Amino acid sequence: MSDPYETTEAHLERLLGRALNSFDLPDRLVERLGTALAHSSSLYTTHHSPEAGIWRETHRHTYLLTDGGSVSLWELAYRLEGDRTVRHEVFASKAETCLAVTRLFGEASAGASPDPVLVPGEDEPENGVALLSALYATPAPVRRHREYAVEDSADHARRVLRRAENADRPGERVAALLRSAYAHQITQAFGARQSLADGRGAGFSLYEHAFVLLDGTEVSLWEVEHTATPDGRHMCEVYESEAAARGAMELRARVR
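Described in the following lines is the structure provided in the data block. (Residues numbered from 1 in each chain as written. Predicted model: local features only at pLDDT ≥ 70, side-chain atom pairs only at ≥ 80, totals over all residues. Heavy atoms only, no water.)

Below, the discussion takes up the overall build of the chain. For the chain, the count of helices and strands is seven helices and eight strands. When the 256 residues of the chain are sorted by exposure, 45% land in the buried category. Here the analysis covers contacts within the chain between residues at least 6 apart in sequence; of these, 58% occur between residues at least 24 apart. Split by element, the accessible area of the chain, about 13200 Å² in all, is 52% carbon and sulfur. (Helix = DSSP H or I, 4+ residues; strand = E, 2+ residues; numbered from the N terminus. Buried < 20%, exposed > 50% of the residue type's maximum accessible area, 1.4 Å probe, protein only. Contact = heavy atoms within 4.5 Å. Areas by Shrake-Rupley, 256 points an atom, 1.4 Å probe, with all protein chains shown as cover.)

Shown next as structure tokens:
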């Protein structure tokens, strides 16, 4: 799990640092990414084949820039047959990512339509408000790959609910359900650093705590961690749905 206080600058540095081919990115693109104010990362595709020993995932990282524009980087994380090492490559377009999949796995690339990097004046929003709302908005539903850890999950759920400070946090009904949790997985769904209306900076992170109950039911809690408080202190809020959690983040961090 990523550092909840990770800034967009640190996120970008970590992304480029682990990519085997980051030196192939256009210099102009890297320069623009240096002005990023906020970011959002999402799983785009996943392919797991235990029989063949192959695993790969594609992630899309979208950045809001100071000029009001946005750019996306496409990250391919993968293991090759017979090798447990996870490798990372990063690309400026979805089409390049599909070509890399073909190169590595010898498969036809589906959906390889170009996804060009935006430059000023080319179909960019007039300001950052629209993009900020899109970053905080709930993405289209995807089937997430789960790798649950069988640990003290009921106690983990109790601690997540206990640290929630929002008045509309999940109540006793959800708490009772989660007492039978026996496995869980934590995934970061969002991380960004934002400038608030009064000029202060604040960090935002969104985590999904996914639980498996004894009857096989899956239940998720969505935890927002932020410092958009009057005194800048760290605050946790917990919601039953991703949409409610993202709505809470947008309400606290909307650019004016």
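In this section: the pairing of strand β2 (residues 54-65). When you tally the buried positions in β2, you get eleven out of twelve residues, the bulk of the element. Here β2 pairs with strand β3 (residues 70-79) via ten bridges, running antiparallel. By the bridge assignment for β3, Glu57 is matched with Ala77. (Pairing = 2+ DSSP bridges.)

With that settled, the discussion passes to the environment of Asp152. Topologically, Asp152 is positioned in the loop between α4 (128-136) and α5 (153-163). The exposure class assigned to Asp152 is exposed, which follows from its relative accessible area of 53%.

Turning to the side chain of Asn166, a few remarks are in order. If you trace the backbone, Asn166 turns up in the loop between α5 and α6 (172-178). On the basis of relative accessible area, Asn166 is assigned to the buried category, the value being 4%. A polar side-chain atom of Asn166 sits 2.9 Å from the main-chain carbonyl oxygen of Val238. Setting aside its immediate chain neighbours within four residues, Asn166 contacts Cys236, Glu237, Val238 and Tyr239. (Polar contact = N/O pair within 3.5 Å; in protein donor to acceptor, adjacent residues only side chain to side chain.)

For the structure shown, the criterion picks out zero aromatic pairs. We note Arg79 situated over the ring of Trp55; from NZ or CZ to the ring centre the distance is 4.9 Å. (Phe/Tyr/Trp six-rings, centres within 6.5 Å; stacked < 30°, edge-to-face > 60°. Lys NZ or Arg CZ within 6 Å of the ring centre and 35° of its normal.)

This part is about the environment of Tyr182. Here Tyr182 shows up in strand β5 (residues 181-195). We classify Tyr182 as partly exposed; its relative accessible area is 37%. Filtering out sequence-adjacent residues up to four positions away, Tyr182 remains in contact with Ala149, Val150, Glu151, Ser153, Val212, Leu213 and Leu214.

Over its twelve residues, helix α3 (residues 94-105) runs 16 Å from end to end, which matches the ideal 16 Å to within 8%, given 1.5 Å per residue. Turning to α3, its buried residues number three or more, namely Lys94, Ala95, Thr97, Cys98, Ala100, Val101 and Phe105. A positive phi of about 65° marks Gly106, the residue just after α3. (Expected span 1.5 Å × (residues − 1).)

Turning our attention to the pattern of salt bridges. Enumeration over the complete set of coordinates arrives at ten salt bridges. The salt bridge partner of Arg233 is Glu165, with a shortest N-O separation of 2.7 Å. Of the two residues, Arg233 sits in the loop between β7 (218-226) and β8 (235-239) while Glu165 sits in the loop between α5 and α6, which places them 68 residues apart along the sequence. For Arg233, a relative accessible area of 38% corresponds to the partly exposed category. A salt bridge links Arg246 to Glu242; the nearest nitrogen and oxygen atoms lie 3.0 Å apart. Taken together, the residues Arg246 and Glu242, both in helix α7 (residues 242-253) and four residues apart, mark about one turn of the helix. Of the two residues examined, Arg246 and Glu242, each falls in the buried class. Linked through salt bridges whose partners overlap, the residues forming this network are Asp155, Arg158 and Arg159. (Salt bridge = Lys/Arg side-chain N within 4 Å of Asp/Glu carboxyl O.)

Burial of nonpolar side chains together is a common tendency in soluble globular proteins. Core analysis: the biggest nonpolar cluster contains 14 residues, and Leu25, Leu29, Leu33, Tyr63 and Leu73 have the highest contact counts within it. At the level of elements, α1 (8-18), α2 (27-33), β2 and β3 are the ones that each hand at least two residues to this core. Sorting elements by how many residues they give to this core places α1 first, with three residues. (Core = buried A, V, L, I, M, F, W, Y, C linked by side-chain atoms within 4.5 Å.)

Below, the discussion takes up the pairing of strand β4 (residues 87-91). Most of β4 is tucked away, with four of its five residues classed as buried. Sheet topology places β3 next to β4; five bridges connect them, and they run antiparallel. Paired with Ala77 across the strands is His88, a residue of β4.

With that out of the way, let us pick up α5. Those residues of α5 not exposed but buried are Ser153, His156, Ala157, Val160 and Leu161. Viewed end-on, α5 has its buried residues packed into an arc of 130°, placing them on one side of the element. (Arc of directions from axis to C-beta.)

For Thr229, the position within the fold is in the loop between β7 and β8. Within the structure, Thr229 has its side chain in polar contact with the backbone oxygen of Arg233 (distance 2.8 Å).

Keep in mind these numbers describe shape, not what the thing actually does.
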